[in-house]
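Spelled out, the chains give:
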Amino acid sequence: MLEKLRRAFEYIAVSVSTTSISGEKLEELRDELVFRLVECDVAFEAAEALADSVREALEGKRYPRGVALEDVAREAITMALRDLFAKVEWFDLEEAVKR
């Protein structure tokens, strides 16, 4: 019984002291990111892949209240870009011209 009570108090404490980004807000942010990237001449498929990766990184996580969610989002975008570039096969134009 005391264990259940402890878990209940812990849940309430975490709920009050942290925040999360709602699924609806994440979807809205994802769509906005795709739009902005495509507007900057990023291929639609790449923009979607990047936005999906950012959404997955932020989805379901809780952050301490007072933490700047912009910094959290910026970090998620940075990590998504690193992951995307790590998967890309680089094309060496100079080497191709030499052939």
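Position numbers for residues count from 1 along each chain, tracking the sequence in the order it is written. Owing to the predicted nature of the model, reporting of local features is limited to residues with pLDDT of at least 70; listing and counting of side-chain atom pairs is limited to 80 or more, with chain, interface and lining totals taken over all residues. As a convention, hydrogens and water are excluded, and side-chain values are obtained from all of the structure's heavy atoms.

Caption draft 1: Region of interest: the packing of helix 2 (residues 23-39) against helix 3 (residues 44-58). The geometry of helix 2 relative to helix 3 is characterised by a closest axis approach of 9 Å and an angle of 150° between their N-to-C directions. Compared by their axis directions, helix 2 and helix 3 come out roughly antiparallel. As for how helix 2 packs across helix 3, the hand of that crossing is right-handed. Of the residues in helix 3, those touching helix 2 at L26, E27, R30, L33, V34, L37 and V38 are F44, A47, E48, L50, A51, D52, V54, R55 and L58. Polar here means any residue other than Ala, Val, Leu, Ile, Met, Phe, Trp, Tyr, Cys and Pro, which are nonpolar, and Asp, Glu, Lys and Arg, which are charged; Gly is therefore polar. Among the residues forming the contact of helix 2 with helix 3, the class breakdown is 11 nonpolar, no polar and 5 charged. Under this scheme, a helix contributes an axis fitted over its contacting stretch, all axes are lines through C-alpha atoms, and angles between N-to-C directions fall in the 0 to 180 degree range. Only DSSP runs of H or I covering at least 4 residues are called helices, and only runs of E covering at least 2 are called strands; the numbering of each starts at the N terminus. For this classification, under 35 degrees means roughly parallel, over 145 means roughly antiparallel, 65 to 115 means roughly perpendicular, and everything else is oblique. Crossings are sorted by hand: turned counterclockwise from the far helix by less than a right angle, the near helix makes the crossing left-handed, and turned clockwise it makes it right-handed. Here, two residues are considered to be in contact whenever any of their heavy atoms come within 4.5 Å of each other.

Caption draft 2: Quick look at the pattern of salt bridges. Salt bridges are defined as contacts in which a side-chain nitrogen from Lys or Arg sits within 4 Å of a carboxyl oxygen from Asp or Glu. Summed over the entire model, instances satisfying the criterion amount to 9 salt bridges. When the shortest N-O distance is used, the salt bridge between R55 and D52 registers 3.8 Å. Residue R55 and its partner D52 are located together in helix 3, separated by 3 residues, close to a single helical turn. Working definition: with a 1.4 Å probe on protein chains only, accessible area under 20% of the residue-type maximum means buried, over 50% means exposed, and in between means partly exposed. Judged by relative accessible area, which is 19%, R55 ranks as buried. The partner of E94 in a salt bridge is K98, with the nearest N and O atoms 3.6 Å apart. With E94 and K98 both in helix 5 (residues 93-98), this residue pair falls 4 residues apart, about one helical turn. The same class applies to E94 as to K98, namely exposed.

Caption draft 3: Focus on helix 4 (residues 69-87). To estimate how far a helix should extend, the number of its residues minus one is multiplied by 1.5 Å. Over its 19 residues, helix 4 extends 27 Å from the first C-alpha to the last, a length consistent with the 27 Å expected when each residue adds 1.5 Å. Within helix 4, burial applies to V72, A76 and A80. Take helix 4 and look down its axis: the buried residues cluster within an arc of 70°, on one side only. Away from its buried face by more than 90 degrees, helix 4 exposes E70, R82 and A86. Those residues of helix 4 that are buried are in contact with helix 3 and strand 2 (62-64). Here, the arc refers to the directions that run from the helix axis to the C-beta atoms.

Caption draft 4: Local environment of the side chain of R55. What qualifies as a polar contact is a pair of N or O atoms within 3.5 Å, subject to a donor-acceptor requirement within protein and to the restriction that residues adjacent in sequence count only when both atoms come from side chains. Of note is the side chain of R55, whose polar atom sits 3.1 Å from the side chain of E27. Setting aside its immediate chain neighbours within four residues, R55 contacts L26, E27 and R30.

Caption draft 5: Quick look at a nonpolar patch on the surface. Together, L81, F85, V88 and W90 make up a nonpolar patch on the protein surface, roughly 420 Å² of accessible area in all. With respect to the secondary-structure elements, V88 resides in the loop between helix 4 and helix 5. For patch detection, residues must exceed 30% relative accessible area and be free of salt bridges, and they are connected within 9 Å for like charges or within 5 Å for nonpolar side chains (Val, Leu, Ile, Met, Phe, Trp, Tyr). Method for areas: the Shrake-Rupley scheme with a 1.4 Å probe, in which residue coverage is limited to the protein chains shown.

Caption draft 6: Quick peek at the environment of E48. Residue position: E48 is located in helix 3. With relative accessibility at 28%, the residue E48 sits in the partly exposed group. If we skip the residues at most four places from it in the chain, E48 touches R30 and V34.

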